[in-house]
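So you can see what is in the structure, the chains are spelled out below.
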Amino acid sequence: MSVGLLAVVDDILTAALKASVKTAGVVIDDAAVTPQYVQGLSPARELHVVWRIALGSLFNKFIIIIPLALLLSAFAPWVLPWLLILGGTYLCFEGAEKVTEWFGFHHDAGETEARDERKLIFGAIRTDLILSTEIMLISLAGLDPDFEIWMTLGALVVIGLGMTVLVYGAVALLVKIDDVGLTLMENSARWLRRTGARIVRSMPGVFRVIGIIGTVAMLWVGGHLVISNLADTFWQAPYDVLHAATQTVETAGPVVVWVIDTAMSAVFGLILGLIIVVIVLGISRLLKQNRPDGNVPGLV
């Protein structure tokens, strides 16, 4: 019996590894997006916040996504593309919102709101829900359709746990690198002190780069989600344009194909996101104008 159990476990681990390979791009995006949510917090709270977000990610995967994905794939598979369109659209909106902030066109957020820990955690878990949904759905599609339900569930659990540990372990290490630098600066060895000082000086720039990568990742992943799933539902044109462009450069190699695919998906995501931003801001300001107190905030 133990041999049979080991064989089942081996099958689950092998299937999980093969299916998770296809999610590598989304996992990288998840790891790039998350550090943005701990910026502005005191160093003493950073690991606590990462831990809370990781717990939220596990809740997303094991309580919401996996049960819902299994139920929908069994009884209503036609719903899944629509859910991915909604999730992709939200990522495009969030990415475009950050782009507008870069250029100073977005509405002001108060200092307290920007640094409110609970809101930061909620925002990170909300974004994780969408990225984790894509990770788990891609993984589900990559599993053998002849798997029994318990084998499929086991593989998804392994993937969900592994991806969470990988992403948030990397994030935790990243946000504490500056503490390593400060520790090195107190070392008696001169070269270690210099190394520590360089690490500390470089971290603001590193986080700015990570913020840019995370925003581009939102637009890329969101745009690609919308394009791919629109093609599976009712609108083929964006996918046809993307497919034609990648076919044109196919002879240049897979790297160039990936760059073109990513760039076009990000541009599509940015355009869609900006449209949603304008709509949301317009509705928000209309609602504020209709307040009984007549308090209308100034436009930026």
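Residues numbered from 1 in each chain as written. Predicted model: local features only at pLDDT ≥ 70, side-chain atom pairs only at ≥ 80, totals over all residues. Heavy atoms only, no water.

Novice: I'd like to hear about the overall build of the chain, residue by residue, with values.
Specialist: Counting secondary structure elements, the chain contains 11 helices and 0 strands. Evaluated residue by residue, the chain yields a buried proportion of 41% over its 300 residues. Considering only contacts in the chain between residues 6 or more positions apart, those separated by 24 or more positions represent 78%. Surface accessibility of the chain: about 16,900 Å² in total, with carbon and sulfur atoms responsible for 70%. (Helix = DSSP H or I, 4+ residues; strand = E, 2+ residues; numbered from the N terminus. Buried < 20%, exposed > 50% of the residue type's maximum accessible area, 1.4 Å probe, protein only. Contact = heavy atoms within 4.5 Å. Areas by Shrake-Rupley, 256 points an atom, 1.4 Å probe, with all protein chains shown as cover.)

Novice: A description of a positive patch on the surface should follow, citing residues and the corresponding values.
Specialist: There is a patch of like positive charges on the surface, built from Arg-190, Arg-193, Arg-194, Arg-198 and Arg-201. With respect to the helices and strands, the residue Arg-201 is situated in helix α9 (residues 190–231). (Patch = residues over 30% accessible without salt bridge, like charges linked within 9 Å, V, L, I, M, F, W, Y side chains within 5 Å. Salt bridge = Lys/Arg side-chain N within 4 Å of Asp/Glu carboxyl O. Lys, Arg positive; Asp, Glu negative; His and termini not counted. Charge placed at Lys NZ, Arg CZ, Asp CG, Glu CD.)

Novice: Could you give an account of the pattern of salt bridges, naming the residues involved and the relevant values?
Specialist: Scanning the entire structure with this criterion turns up 3 salt bridges. Among the salt bridges present, the one from Arg-45 reaches Glu-117, with a minimum N-O distance of 2.8 Å. Taken together, the residues Arg-45 in helix α3 (residues 43–75) and Glu-117 in helix α6 (residues 117–142) connect sequence positions 72 residues apart. Residue classification places Arg-45 among the partly exposed positions, given a relative accessible area of 33%. As a salt-bridge pair, Lys-176 and Asp-179 come within 2.6 Å of each other at their nearest N and O atoms. When its relative accessible area of 17% is taken as the criterion, Lys-176 is described as buried. When salt bridges that share partners are traced, they join Glu-46, Lys-176 and Asp-179 into one network.

Novice: Kindly report on the environment of Ile-227, identifying the contributing residues and their values.
Specialist: Structurally, the position occupied by Ile-227 is in helix α9. A sequence separation of 142 residues divides Ile-227 from Ile-85, and the C-alpha atoms of the two residues are 8.2 Å apart. Non-local contacts of Ile-227, meaning those with residues more than four positions away in its chain, are made with Pro-238, Tyr-239, Leu-242, Ser-265 and Phe-268.

Novice: Explain the nonpolar core residue by residue, including any values.
Specialist: Ranked by internal contacts, the top residues of the largest apolar core, which has 53 residues, are Val-50, Ile-53, Met-136 and Leu-156. In terms of residue count, helix α7 (residues 149–175) provides more of this core than any other element does, 10 residues in total. Apart from residues lying up to four places away in sequence, Val-50 is in contact with Val-38, Tyr-168, Val-171, Ala-172 and Val-175. (Core = buried A, V, L, I, M, F, W, Y, C linked by side-chain atoms within 4.5 Å.)

Novice: A description of the confidence of the model for the chain should follow, citing residues and the corresponding values.
Specialist: In regions of low pLDDT, the predicted coordinates are not meant to be interpreted in detail. For the chain, the mean per-residue pLDDT works out to 81, and 87% of the residues sit at or above 70. Mean pLDDT across the elements of the chain bottoms out in helix α5 (residues 111–114) (44) and peaks in helix α10 (residues 237–248) (91). (pLDDT = per-residue confidence, 0-100.)

Novice: Describe the packing of α9 against α10, listing the residues and the values that go with them.
Specialist: Between α9 and α10, whose axes approach to 7 Å, the crossing angle comes to 115°. When the interaxial angle is binned, α9 and α10 end up roughly perpendicular. The two elements α9 and α10 cross, and the hand of that crossing is left-handed. Of α10, the residues touching α9 (which contributes His-224, Ile-227 and Ala-231) are Pro-238, Tyr-239 and Leu-242. Considered class by class, the residues forming the contact of α9 with α10 number 5 nonpolar, 1 polar and no charged. (Axes fitted to C-alpha atoms, helices over the stretch in contact; angles between N-to-C directions. Parallel < 35°, antiparallel > 145°, perpendicular 65-115°, else oblique. Left-handed = near helix turned anticlockwise from the far one by under 90°. Nonpolar A, V, L, I, M, F, W, Y, C, P; charged D, E, K, R; others polar.)

Novice: Could you give an account of the environment of Val-221, with specific residues and numbers?
Specialist: Tracing the sequence through the fold places Val-221 in helix α9. Between the alpha carbons of Val-221 and Gly-87 there is a distance of 9.9 Å; along the sequence they are 134 residues apart.

Novice: If you had to explain the packing of aromatic side chains to someone new, which residues and values would you point to?
Specialist: For the structure on display, the rule yields 3 aromatic pairs. Relative to Phe-93, the ring of Tyr-90 has its centre 6.2 Å away and its plane inclined at 50°; by these criteria the two rings are tilted. On the criterion of helical spacing, the pair formed by Tyr-90 and Phe-93 is a turn pair, its members being 3 residues apart in helix α4 (residues 79–102). Here the aromatic rings of Trp-220 and Trp-258 are separated by 5.5 Å at their centres, their planes lie at 85°, and the arrangement is edge-to-face. Of the two residues, Trp-220 is situated in helix α9 and Trp-258 in helix α11 (residues 254–289); the sequence distance between them amounts to 38 residues. Using a relative accessible area of 16% as the deciding quantity, one classes Trp-220 as buried. (Phe/Tyr/Trp six-rings, centres within 6.5 Å; stacked < 30°, edge-to-face > 60°.)

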